[in-house]
Amino acid sequence: MVQSIDRAMKIISILISDENKPSWPITELAAATSLPLGTLHRIMATLITHGLVMQEPVTKHYRAGYAWIEIGLRLLDKLDFRHVARPVMERLAQEVEESIYLNIPEGFDSIPIEKVDSPLIIRIAENLGERIPMPIGAPNKAILAYSPKQEAERIVSQVLPPEEQQAFFDQLTRIKQAGFAVSYGERTEGTVAVAAPILSYHKTVLAALSINAPSFRVTEDRLSLLIDAVKKAAAEISAKIGSP
């Protein structure tokens, strides 16, 4: 073990150990770490240089620096959320007895990267990795509705004729207000898809979670159930990857 790194992490652990003690004087840190004051001062100076520790200008006490927040947020954004989403998708598939898909945006398309099949014999089965043009289907509309306005406008302007764009934007506005999207047979005839967005810590859209079902199984009452279920599941995945 590298001694300097070990000592630095011990200091950080102490600085964040007590939520009622936001900052520490150097003497208390020395007592808690059993480090000589000279050694402690040198380590603290290095940690301050990298933003990992900050010193209060008046009291001269030390606290954890804001760089840790930046590091944490970057790690959250890089988290492979498929591993987080999978158990939620499996539970949702058993709950609603329909096929569950996870789509990510990729340019002018989306790509399904994970699925859990319905336990029923008659079910919707689509291939992973196939590109789906952005205006088509509930997952894509959920993604577009929660994308930055300029990005959504750029995509829509390229994939829809001008006379169809305003009505489509109006639809995206309603989707964002409601928190979900529904589509009927837009990709596969005789199917219904219900989707909700998965959001990052920064509230940017990472993916869409969808329930895909044969239309003959989706009554008006059942549609309401599916909408509630997919919204709750998408919100759960978002929360697990750090979305407030």
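Residues numbered from 1 in each chain as written. Predicted model: local features only at pLDDT ≥ 70, side-chain atom pairs only at ≥ 80, totals over all residues. Heavy atoms only, no water.

Caption draft 1: Representation of a nonpolar patch on the surface within the structure. Together, Val2, Ile5 and Met9 make up an exposed nonpolar region whose accessible area comes to about 270 Å². By the secondary structure assignment, methionine 9 is in helix 1 (residues 3–15). (Patch = residues over 30% accessible without salt bridge, like charges linked within 9 Å, V, L, I, M, F, W, Y side chains within 5 Å. Areas by Shrake-Rupley, 256 points an atom, 1.4 Å probe, with all protein chains shown as cover. Salt bridge = Lys/Arg side-chain N within 4 Å of Asp/Glu carboxyl O. Helix = DSSP H or I, 4+ residues; strand = E, 2+ residues; numbered from the N terminus.)

Caption draft 2: Structural view of the nonpolar core. Counting 30 residues, the largest nonpolar core has Leu92, Ile100, Ile198, Leu209 and Ile211 as its most contacted members. Of all the secondary-structure elements, those providing two or more residues to this core are helix 5 (81–96), strand 3 (99–106), strand 7 (191–199), strand 8 (205–214) and helix 9 (220–240). Beyond its immediate chain neighbours, meaning those up to four positions away, isoleucine 211 contacts Leu92, Val96, Glu98, Ser99, Ile100, Val192, Ala193, Val194, Leu226, Ala229 and Val230. Membership of the second largest hydrophobic core comes to 21 residues, among which are Ile155, Phe169, Leu172 and Ala193. (Core = buried A, V, L, I, M, F, W, Y, C linked by side-chain atoms within 4.5 Å. Buried < 20%, exposed > 50% of the residue type's maximum accessible area, 1.4 Å probe, protein only. Contact = heavy atoms within 4.5 Å.)

Caption draft 3: Broad picture of the pairing of strand 8. The element strand 8 is largely enclosed, with a buried count of 10 among its 10 residues. Bridge count for strand 3 against strand 8 is five bridges, and the pairing is antiparallel. Among the inter-strand pairings, leucine 102 is bridged to a residue of strand 8, identified as leucine 209. Two elements, strand 7 and strand 8, share nine bridges in a ladder whose sense is antiparallel. In the strand pairing of strand 8, valine 194 is matched with isoleucine 211. In this antiparallel pair of consecutive strands, strand 7 and strand 8, the connection spans five residues, and lysine 203 shows a positive phi of 65°. (Pairing = 2+ DSSP bridges.)

Caption draft 4: Seen up close, the confidence of the model for the protein. On average, residues of the protein carry a pLDDT of 90, and 96% of them reach 70 or more. When pLDDT is averaged over each element of the protein, helix 6 (residues 138–145) comes out on top at 97 and helix 4 (residues 67–78) at the bottom at 69. (pLDDT = per-residue confidence, 0-100.)

Caption draft 5: The arrangement of the pairing of strand 3 in detail. With seven bridges joining them, strand 3 and strand 4 (residues 109–116) adopt antiparallel strand pairing. Across the sheet, residue isoleucine 100 finds its bridge partner in strand 4, namely valine 116. Between strand 3 and strand 4, which pair antiparallel in sequence order, lie two residues; one of them, glycine 107, sits at a positive phi of approximately 65°.

Caption draft 6: Fine view of the environment of leucine 92. Considering the arrangement of structural elements, one finds leucine 92 in helix 5. Residues leucine 92 and isoleucine 211, spaced 119 residues apart in sequence, show a C-alpha to C-alpha distance of 8.7 Å.

Caption draft 7: Molecular detail of the sheet that holds strand 5 (residues 132–133). In spatial order, the strands read 5-4-3-8-7-6; together these six strands make up an open sheet with antiparallel pairing. The sheet is open, and its two borders are formed by strand 5 and strand 6 (181–184), each paired with just one other strand.

Caption draft 8: Broad picture of helix 5. For helix 5, with 16 residues, the first-to-last C-alpha span of 22 Å sits near the 22 Å given by 1.5 Å per residue. Where helix 5 is concerned, the buried positions are Phe81, Val84, Ala85, Val88, Met89, Leu92, Ala93 and Val96. Packing partners of the buried residues in helix 5 comprise strand 3, strand 4, strand 8 and helix 9. Taken from the residues just after helix 5, glutamate 97 is the one with a positive phi, measuring 60°. (Expected span 1.5 Å × (residues − 1).)

Caption draft 9: Main features of the side chain of serine 23. With respect to the element layout, serine 23 can be found in the loop between helix 1 and helix 2 (26–33). Apart from residues no more than four positions distant in its own chain, serine 23 is found in contact with Glu56, His61, Tyr62 and Arg63.

Caption draft 10: Spatial organisation of the side chain of glutamate 56. Inspection of the secondary structure puts glutamate 56 in the loop between strand 1 (53–55) and strand 2 (62–64). Within the local environment of glutamate 56, its side chain forms a polar contact with the side chain of arginine 63, the two groups lying 2.6 Å apart. Apart from the residues within four sequence positions on either side, glutamate 56 is in contact with Ser23, His61 and Arg63. (Polar contact = N/O pair within 3.5 Å; in protein donor to acceptor, adjacent residues only side chain to side chain.)

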